[in-house]
Each structure stands twice: as structure tokens, then as C-alpha cells.
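# Reading the structure
The residues making up each chain are set out below.
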Amino acid sequence: MFTAGVPCGMRISTTICTTLFAGVLALPIVGLSQRTTPAPAASPVGTDRIVAAARALLRTLDEGGRGKLQFPFEGPQKARWSNLPSGIFQRQGLRMGDLSPAQRAAVWSLLTAALSAEGYQKVMEIIRGDEVLRTGSAGGARGGRGGGPTFGEDEYYLAFVGTPSTTAPWMLQFGGHHLAINLTLAGSQASMTPSLPA
């Protein structure tokens, strides 16, 4: 169905993304048509909050954990994302199932800082739904790593592409089954594309 030249699915996706990332605050959103890296500008309170939460998470990790989390900004990780389950798509980054309770709490704090309340709730509902798939599937749906798809809250990954900064560009990636968040920040500008919430 088309309304004013906009397919229904596009309106729904735009609404979901707007809801998810309303907490990215009062940052100007850079759209798909803007292909250049945004010029760094004065950092708003929202960017400061996100960077502080990212740095707090980094402090909970040892060198090996930081090595799994951080990727070069100009490297290939920017294009490595999917909303397919583990076992079908091999993610890189910190796997939630490998984190301590304190490290998981730091990830949730980071997502709370980066997303609107509604966006955070949506992410948690997607993750809970995936946990239902894991516990309700025959054999726990524990395939993965060559044995088929793997579901559950442990199968979500976090990566930083670039170094968290209030001025220089960097990307926060968080994803798993039915969820792919790619949030690029550069000073007071933010881009949430591409992102695929369920």
C-alpha cells in the first residue's frame, strides 16, 4: 500500500527507528543521503552521557575484552552487521554471554544512555523474545558455530568502531537476532543508519 508515495513498510521502519533513537537526544540526525562524515561540533549533553557510559564499560574489561570490543573506524567492521541469528551470521565484538554481571550491567547502562526509554524497552523486548526462542525450541536451539542458528540473550554482541569520543566520529554497534543497531556519533551529530529493529 502506498500513501503519498511512501510504502507502508517504510513508514513503519521510520517510526520504529524514530522511537528507538529518540534518546539519541537532541542530536541532528544525518540521513542516508548525506554520505560525508559529519564535521565535529560542540558536544551536547547526550553525547557526553553516551561517551561516559562507553568509557565506563571499557574500564570493566581487561585487555582481551577491549580487543574484542574495539575496531578501527576506517576498517571493515562498519559494514559487518546483520539481524540474522548467530550460527547463520558470525558477529565480531563482545558476546553478551561471555560477560560478567558487572560488564553486562555496563552494557545495559550504555544502551540506556544511547536510546530513548521506548527504544531501550523495544531492544529488551526483542532480546526477551529471542530468549523465548532459545528456551522454547527443541534442544534449546543451541546450534551455532556450524551447527545451525543459535538464539537467546547471550547471542547479542557489542562493538565500538573507532574510539568513543565527544568530538571524533565513532560507531556503537549492538545486535543479534532481529536487531542491528549502528549508531554513529560525531560531536553533536548522530546517524542511526543502517539499523534494523525487529
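Thresholds, definitions, all that
- Residues numbered from 1 in each chain as written.
- Predicted model: local features only at pLDDT ≥ 70, side-chain atom pairs only at ≥ 80, totals over all residues.
- Heavy atoms only, no water.
- Helix = DSSP H or I, 4+ residues; strand = E, 2+ residues; numbered from the N terminus.
- Buried < 20%, exposed > 50% of the residue type's maximum accessible area, 1.4 Å probe, protein only.
- Contact = heavy atoms within 4.5 Å.
- Areas by Shrake-Rupley, 256 points an atom, 1.4 Å probe, with all protein chains shown as cover.
- pLDDT = per-residue confidence, 0-100.
- Core = buried A, V, L, I, M, F, W, Y, C linked by side-chain atoms within 4.5 Å.
- Axes fitted to C-alpha atoms, helices over the stretch in contact; angles between N-to-C directions.
- Parallel < 35°, antiparallel > 145°, perpendicular 65-115°, else oblique.
- Nonpolar A, V, L, I, M, F, W, Y, C, P; charged D, E, K, R; others polar.
- Phe/Tyr/Trp six-rings, centres within 6.5 Å; stacked < 30°, edge-to-face > 60°.

Right, let's talk about the overall build of the protein chain for a bit. Along the protein chain, the regular secondary structure elements total 5 helices and 9 strands. Listed N to C, the secondary structure of the protein chain is β-β-α-α-α-β-β-α-α-β-β-β-β-β in terms of helices and strands. Counting only residues that meet the buried cut, the protein chain has 45% of its 198 residues in that class. In the protein chain, the share of contacts with a sequence separation of at least 24, taken over all contacts with a separation of at least 6, comes to 64%. Total accessible area on the protein chain stands at roughly 9,600 Å², and carbon and sulfur atoms take up 60% of it.

Let us look at the confidence of the model for the protein chain. Confidence in the prediction of the protein chain, expressed as mean pLDDT, is 79, and 71% of residues score 70 or more. Low pLDDT, under 50, characterises residues 1–43; the predicted model gives this stretch 73 contacts beyond four residues in sequence or across chains.

That bond from Thr193 to Pro194 is cis: its omega, -10 degrees, falls within 30 degrees of zero. By the element assignment, Pro194 lies in the loop between strand E8 (189–191) and strand E9 (196–197). Phi at His178 is positive, roughly 65 degrees, even though this residue is not glycine. With respect to the helices, strands and loops of the structure, His178 is situated in the loop between strand E6 (170–176) and strand E7 (179–186). Accessibility expressed as a relative area gives 38% for His178, which makes it partly exposed.

What follows covers the nonpolar core. Considering soluble globular proteins, one finds that nonpolar side chains tend to be buried as a cluster. If you look at the biggest cluster of nonpolar residues, it comprises 35 residues, and the most contacted ones within it are Val107, Leu110, Leu158, Phe160, Leu172 and Phe174. Elements represented by at least two residues in this core include exactly helix H2 (45–60), helix H4 (101–114), helix H5 (117–136), strand E5 (157–161), E6 and E7. Ranked by residue count, the leading element in this core is H4, at 7 residues. If we ignore the near neighbours within four places in the chain, the residues touching Leu110 are Ile50, Ala53, Ala54, Leu57, Leu158, Phe160 and Leu172.

At a minimum axis separation of 9 Å, H4 and H5 run at an interaxial angle of 135 degrees. Relative to H5, H4 is oriented oblique. Only Tyr120, Val123, Met124 and Ile127 of H5 make contact with H4, whose side of the interface consists of Trp108, Leu111 and Thr112. Partitioned by chemical class, the residues of the contact of H4 with H5 number 6 nonpolar, 1 polar and no charged.

Here we come to the packing of aromatic side chains. Under the definition given, this model contains 3 aromatic pairs. Measuring from centroid to centroid gives 6.3 Å for Trp108 and Phe174, while their planes differ by 75 degrees, and the two rings are edge-to-face. Taken together, the residues Trp108 in helix H4 and Phe174 in strand E6 connect sequence positions 66 residues apart. In this pair, the class of Trp108 matches that of Phe174, namely buried. Both rings, one in Phe160 and one in Trp170, keep their centres 5.4 Å apart while their planes meet at 80 degrees; by these two values the pair is edge-to-face. Taken together, the positions of Phe160 in strand E5 and Trp170 in strand E6 put the pair 10 residues apart, joining distant regions of the chain. Summarising the burial analysis for this pair, Phe160 and Trp170 share the class buried.

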